[in-house]
Amino acid sequence: MKSKNPIIFVMGVSGSGKSTIGKLLAEELNLSFYDGDDYHPEANVKKMADGHPLDDDDRQGWLERLNLLAIEKSEDGAIIACSALKNKYRTILQNGIEEKLNFVYLQGTFEEIMGRLALRKNHFMPPELLHSQFNTLEVPEDAITVSIMHTPEKIVSKIIKAL
Ligand SMILES: Nc1ncnc2c1ncn2[C@@H]1O[C@H](COP(=O)(O)OP(=O)(O)OP(=O)(O)O)[C@@H](O)[C@H]1O
Ligand SMILES: O=C(O)[C@H](O)[C@@H](O)[C@H](O)[C@H](O)CO
């Protein structure tokens, strides 16, 4: 691992496993975990729950909050789950941080992820929004990319090896 206390963003579309993998990775690395979903304003959560995808304007303030969180945690390190779908969103997350952030991209196909969303219970995000998540996604070129089709433990060990 390059840095002792890294800031690691676990990114990908809804249902790719950001919360599941992020929490486990945080345990393994003894770092705190923050779920980007908890930083959305209420209006964003309501919009998604009502079946409407967020747009760039909706995401702006949310990404700025997560950027501030990353700055605040730059000494201690942290694992942050955030969809970070577009290149320009990832640029917002990096603002004002000298050291390059680590992005881990959880890669899965529409069918693989839809299969999991269909089974997931008690979550505000409707599976119908997965199409727009994929349409918005700009696959990162310089992220640690791991297939979601392994056990969470295996995914985490692959990430740790790649860091
Ligand atoms: N590697 C895995 N193998 C099997 N099931 C998994 C794996 N990773 C996650 N899951 C399951 O897939 C579903 C989606 O995972 P999770 O909620 O962590 O995704 P997410 O990216 O955080 O979603 P969202 O962005 O919508 O909050 C959950 O039901 C979770 O238990
Ligand atoms: O950028 C986005 O569209 C949002 O962040 C979504 O990805 C949700 O927060 C999350 O995935 C739902 O659980």
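Above this text is the structure in question.
Residues numbered from 1 in each chain as written. Chains lettered and ligands numbered in written order. Predicted model: local features only at pLDDT ≥ 70, side-chain atom pairs only at ≥ 80, totals over all residues. Heavy atoms only, no water.

J.: I tried to follow the overall build of the protein chain on my own but got confused; where do I start?
T.: Of the regular secondary structure elements, the protein chain holds 7 helices and 5 strands. Going from N to C terminus, the protein chain has its helices and strands arranged as β-α-β-α-α-β-α-β-α-α-β-α. Taken against the 2.2 N^0.38 rule, which gives 15 Å for 163 residues, the C-alpha radius of gyration of the protein chain at 15 Å falls within 12% of a compact globule. Overall size of the protein chain, expressed as C-alpha extent along the three principal axes, is 40 × 35 × 30 Å. (Helix = DSSP H or I, 4+ residues; strand = E, 2+ residues; numbered from the N terminus. Rg over C-alpha atoms; globule rule 2.2 N^0.38 Å.)

J.: Help me understand empty space enclosed by the protein, please; the structure alone is not making it clear to me.
T.: One way to see where empty space is left: roll a probe the size of a water molecule over the atoms. Enumeration over the complete set of coordinates arrives at 1 cavity of 30 Å³ or more. Put simply, the largest cavity is a space of about 30 Å³. Lining the largest cavity are Met48, Pro53, Leu54, Arg59, Met125, Leu129, Ser132 and Gln133. Of the residues in the lining of the largest cavity, the class split is 5 nonpolar, 2 polar and 1 charged. (1 Å grid on protein atoms, 1.4 Å probe; cavity = no way out; pocket = protein on both sides within 12 Å on 5 of 7 lines; lining within 4 Å. Points joined across faces, edges and corners; volume = space filled by probe spheres on them. Nonpolar A, V, L, I, M, F, W, Y, C, P; charged D, E, K, R; others polar.)

J.: Help me understand the pairing of strand S4 (residues 102-107) in this model?
T.: For a regular strand, side-chain orientation follows a simple rule: the groups alternate between the two sheet faces. Burial of S4 is extensive: 5 of the 6 residues sit out of reach of the surface. In the sheet, S4 pairs with strand S5 (residues 144-147) via 4 bridges, with the strands oriented parallel. For Leu106, the partnering residue across the bridge sits in S5 and is Val146. (Buried < 20%, exposed > 50% of the residue type's maximum accessible area, 1.4 Å probe, protein only. Pairing = 2+ DSSP bridges.)

J.: What am I meant to see in the environment of Thr109 here?
T.: Topologically, Thr109 is positioned in the loop between S4 and helix H5 (110-119). Residues Thr109 and Phe134 lie 25 residues apart in sequence; the distance between their C-alpha atoms is 9.2 Å.

J.: Please explain the site of ligand 2 as it appears in this structure.
T.: Around ligand 2, the structure places Ser14, Lys18, Asp37, His40, Met48, Arg59, Trp62, Ser83, His123, Phe124, Met125 and Gln133. Spatially, ligand 2 is embedded in the largest pocket. Its residues placed into classes, the shell around ligand 2 shows 4 nonpolar, 5 polar and 3 charged. (Near = heavy atom within 4 Å. Sits in = over half its atoms within 2 Å of the grid points.)

J.: What is the right way to read the sheet that holds S4 from this model?
T.: To summarise the sheet geometry, strands pair through backbone hydrogen bonds and adopt either a parallel or an antiparallel arrangement. Read from one edge to the other, the open sheet built from 5 strands follows the order S2-S3-S1-S4-S5, with strand pairing classed as parallel. Each of the sheet's edge strands pairs with one partner strand only, and the pair in question is strand S2 (33-35) and S5. Shown here is a sheet whose adjacent strand axes are inclined to one another by a mean of 20 degrees, direction ignored. Those strands touched by helix H7 (residues 152-162) are S4 and S5, and its axis lies near 160 degrees from that of S5. (Axes fitted to C-alpha atoms, helices over the stretch in contact; angles between N-to-C directions. Contact = heavy atoms within 4.5 Å.)

J.: I would appreciate a short explanation of the packing of helix H3 (residues 56-72) against helix H4 (residues 87-94) in the present structure.
T.: One way to put it is that H3 packs onto H4 with a least axis distance of 8 Å and a crossing angle of 30 degrees. When the axes of H3 and H4 are compared, the pair comes out roughly parallel. In this structure, H3 meets H4 at a crossing whose hand is right-handed. Note on element contacts: H4 touches H3 through Lys88, Tyr89, Ile92, Leu93 and Gln94, opposite Asp56, Arg59, Gln60, Leu63, Glu64, Leu66 and Asn67. Per-class residue counts for the contact of H3 with H4 are 5 nonpolar, 3 polar and 4 charged. (Parallel < 35°, antiparallel > 145°, perpendicular 65-115°, else oblique. Left-handed = near helix turned anticlockwise from the far one by under 90°.)

J.: How should I be thinking about the pairing of strand S3 (residues 78-81) in this particular structure?
T.: Of the two faces of S3, the one holding Ala78 and Ile80 and the one holding Ile79 and Ala81 are both buried throughout. In the sheet, strand S1 (residues 7-11) pairs with S3 via 4 bridges, with the strands oriented parallel. Opposite Val10, over in S3, you have Ala81 as the bridge partner. In this structure, S2 lies alongside S3, joined through 3 bridges in parallel fashion.

All quantities given are derived from atomic positions and should not be read as evidence of function.
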